[in-house]
Amino acid sequence: MKAFVVDKYKKNGPVRLCGMPDPDIGADDVLVRIHAAAINLLDSKIRNGEFKLFLPYRPPFILGHDLAGTVIRTGSNVRQFKAGDEVYARPRDGRAGTFAEMIAVDAADLALKPASLSMEEAASIPLVGLTAWQALVEVGNVKPGQKVFIQAGSGGVGTFAIQLAKHLGATVATTTSAVNSELVKSLGADVVIDYKTQDFEQLLSGYDLVLNSQDAATLAKSLKILGQGGKLISISGPPDVPFAKSLGLNPFLRFVMRMLSRSIVKAAKRRDVDYAFLFMRAEGSQLAQITKLIDDGVIRTVVDKVFPFAQTEEALAYVETVRAKGKVVVKVL
Ligand SMILES: NC(=O)c1ccc[n+]([C@@H]2O[C@H](COP(=O)([O-])OP(=O)(O)OC[C@H]3O[C@@H](n4cnc5c(N)ncnc54)[C@H](OP(=O)(O)O)[C@@H]3O)[C@@H](O)[C@H]2O)c1
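Residues numbered from 1 in each chain as written. Predicted model: local features only at pLDDT ≥ 70, side-chain atom pairs only at ≥ 80, totals over all residues. Heavy atoms only, no water.

Trainee: Mind showing me how you'd approach the nonpolar core here?
Mentor: General note: in soluble globular proteins, nonpolar side chains tend to be found buried as a group. Residues L136, L164, L232 and I290 are the most contacted members of the largest nonpolar core, which totals 106 residues. Ranked by the residues each element gives to this core, the list is headed by helix α3 (residues 126-139), at seven residues. Here this core spans two domains, and each of domain 1 (2-124 + 302-331) and domain 2 (128-277) adds at least three residues to it. Excluding residues that lie within four positions of it along the chain, L232 makes contacts with V210, N212, L219, S222, L223, L226, I264, V273, D274, Y275 and A276. (Core = buried A, V, L, I, M, F, W, Y, C linked by side-chain atoms within 4.5 Å. Buried < 20%, exposed > 50% of the residue type's maximum accessible area, 1.4 Å probe, protein only. Helix = DSSP H or I, 4+ residues; strand = E, 2+ residues; numbered from the N terminus. Domains from an automatic or database assignment. Contact = heavy atoms within 4.5 Å.)

What follows is the structure, encoded as structure tokens:
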């Protein structure tokens, strides 16, 4: 099969289109013909080698973390999917590789794709949808009437998270540049802050939850808008000790993560706020709940551009500008 591979970890290095062996499937796996794959900044970070200490892929490896496609074949233990089913997934860490014509996915990571979406739209959902779900539902436990601040509302995570937070009954504030202000309002944002001309930390206070996806300075400012007992959930770091433990990392790496997160953890404690780093995980059961929200019309997709498969590198470069409105997708089939 054809696939885009990373031959060597390198900052802004190439991904190469080449022939790779068709995937083998295990008893718990589903072989999927990929119709569309979405691009994530995670792909660039992995290619750059930023995650190789705790997420080691041995080059040459196929890049890509989101897919929509059809089931070709299932492993002997798989009961919930059959050949021909239209599915989508964010395959688990260690088993990525969706910039390809086929992939073997653990059945537990897969869900039926929303019937109301095209393959391209469906591929745009899993990684960002699960990130928002795990931040707002699983860790954040957002309740009606709470105030939630979602940074970068026009991005992949932001466009989904605004809609989910509204569905959970929250009042939602978000940052974006002026050009995307109508987009985030149309997704339900109640308070829209132009990060280029306004300081969110001077406009917001008494918030229950912040979903941080920006730099360390933004993270520190985010603390100030939270009320007592609030939650600061960061998906852009720094990683903390519970995260290191969840990965079973060695004592040295745990120590490194303790040091990286020390100042924000201390500052959060001083303000009686919880800090948590979130690294989303594959989870087919949560994705199935997301399917229902989409088919019920609660959440819509925001796809900025669809590139042909041959232009996967260009699609990655476009996402790396960090200017995408919603998601960028490659059409594989
Ligand atoms: N830990 C995890 O599990 C996890 C999961 C998903 C994503 N992430 C990380 O979260 C971050 C966001 O991911 P993403 O996929 O949502 O990114 P993205 O879609 O590439 O973000 C693009 C958007 O960011 C906005 N933006 C850029 N700079 C901004 C700023 N200073 N303030 C507010 N908005 C800004 C842009 O809006 P304008 O054009 O209007 O500026 C654009 O719409 C990335 O670092 C990603 O790696 C982590």
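On we go from here.
Trainee: For this particular structure, what's the right way to read the site of the ligand?
Mentor: The local shell around the ligand holds 23 residues, among which G156, S177, Y195, M280 and A324 are the closest. Backbone polar atom of I235 to a nitrogen atom of the ligand: 2.9 Å apart, as the coordinates give it. Residue R323 places a side-chain N or O atom 2.8 Å away from an oxygen atom belonging to the ligand. Burial of the ligand by the protein amounts to 88% of the accessible area it has alone, namely 940 Å². Counting residues per element, the ones that place at least two in the shell around the ligand are α1 (41-48), α3, α4 (156-167) and β10 (171-176). Looking at the shell around the ligand residue by residue, the classes come out as 11 nonpolar, 10 polar and two charged. Here the shell around the ligand gathers at least three residues from each of two domains, domain 1 (2-124 + 302-331) and domain 2 (128-277). (Near = heavy atom within 4 Å. Polar contact = N/O pair within 3.5 Å; in protein donor to acceptor, adjacent residues only side chain to side chain. Areas by Shrake-Rupley, 256 points an atom, 1.4 Å probe, with all protein chains shown as cover. Nonpolar A, V, L, I, M, F, W, Y, C, P; charged D, E, K, R; others polar.)

Trainee: Before we go on, may I ask you to explain the packing of α1 against helix α11 (residues 312-320) in this structure?
Mentor: When two helices pack together, their arrangement is given by the angle between their axes and by how far apart the axes lie. Relative to each other, α1 and α11 sit at 105°, their axes nearing to 9 Å. Our classification of the angle between α1 and α11 gives roughly perpendicular. Residues L41, D43, S44 and R47 of α1 pack against L316, V319 and E320 of α11. Among the residues forming the contact of α1 with α11, the class breakdown is three nonpolar, one polar and three charged. (Axes fitted to C-alpha atoms, helices over the stretch in contact; angles between N-to-C directions. Parallel < 35°, antiparallel > 145°, perpendicular 65-115°, else oblique.)

Trainee: Even after reading the chapter, I still don't get a nonpolar patch on the surface, so can you show me in this structure?
Mentor: A contiguous nonpolar patch, built from F252, F255 and M259 and spanning about 330 Å² of accessible area, is present on the exposed surface. Along the polypeptide, F255 turns up in helix α9 (residues 251-270). (Patch = residues over 30% accessible without salt bridge, like charges linked within 9 Å, V, L, I, M, F, W, Y side chains within 5 Å. Salt bridge = Lys/Arg side-chain N within 4 Å of Asp/Glu carboxyl O.)

Trainee: Quick question: what am I supposed to make of the domain arrangement of the protein chain here?
Mentor: Interfaces are frequently sized by the accessible area removed from exposure as the parts join. What the domain assignment lists for the protein chain is domain 1 (2-124 + 302-331) and domain 2 (128-277). Taken together, the 11 residues of domain 1 in the interface contact 15 residues of domain 2. Summed over both partners, the interface of domain 1 with domain 2 comes to about 900 Å²; 67% of that surface belongs to carbon and sulfur atoms. The largest share of the area that domain 1 buries against domain 2 comes from F54, V302 and K325, three residues that together contribute 49% of it. Counting the contacts that link domain 1 with domain 2 gives two residue pairs in polar contact (both at pLDDT 80 or more). Its residues assigned to classes, the side of domain 1 that touches domain 2 shows four nonpolar, three polar and four charged. (Buried area = accessible area lost by both parts, 1.4 Å probe.)

Trainee: What exactly am I supposed to notice about the sheet that holds strand β4 (residues 61-62) here?
Mentor: An order of β2-β1-β4 is seen for the three strands of this open sheet, with the pairing classed as antiparallel. Edge strands, defined here as strands with exactly one partner in the open sheet, are β2 (16-19) and β4. Note: strand β1 (residues 2-6) against β4, two bridges, orientation antiparallel. Opposite V6, over in β4, you have F61 as the bridge partner. (Pairing = 2+ DSSP bridges.)

Trainee: Just to check I follow, could you spell out unusual backbone geometry for this structure?
Mentor: Excluding glycine, residues mostly carry a negative phi; peptide bonds, for their part, are mostly trans. A cis amide bond links P59 to the next residue, P60, at an omega of -5°. One can find P60 in the loop between α1 and β4. In this structure, P238 follows G237 across a cis peptide bond, with omega equal to 5°. Position of P238 relative to the elements: it lies in the loop between β13 (226-234) and α8 (241-246). Although it is not a glycine, D272 adopts a positive phi angle of roughly 60°. Within the secondary structure, D272 is located in the loop between α9 and β14 (274-277).

Trainee: What am I meant to see in the pattern of salt bridges here?
Mentor: Side-chain pairing between opposite charges can occur once the charged atoms of the two side chains come close. Throughout the structure, instances matching the rule amount to 14 salt bridges. Of the charged contacts in the structure, one is a salt bridge between E86 and K113, with a shortest N-O distance of 3.2 Å. Placement of the pair is E86 in strand β6 (residues 86-89) and K113 in the loop between β8 (110-112) and α2 (119-123), with a sequence separation of 27 residues. Residue E86 is classed as partly exposed on the basis of its relative accessible area of 39%.

Trainee: What am I meant to see in the sheet that holds β10 here?
Mentor: Strand pairs in the sheet, formed through backbone hydrogen bonds, run parallel or antiparallel to each other. Strand order in the open sheet formed by six strands is β11-β10-β9-β12-β13-β14, with parallel pairing between adjacent strands. Only two strands of the sheet have a single partner each, and these edge strands are β11 (191-194) and β14. Averaged over all neighbouring strand pairs, the angle between strand axes comes to 15°, with direction disregarded. Contacts between α4 and the sheet are confined to β9 (147-150), β10 and β12 (207-212), with β9 contributing the most and set at about 170° to the helix. Against the sheet, helix α7 (residues 216-225) makes contact with β9, β12, β13 and β14, and its axis sits at roughly 155° relative to β13, the strand it touches most.

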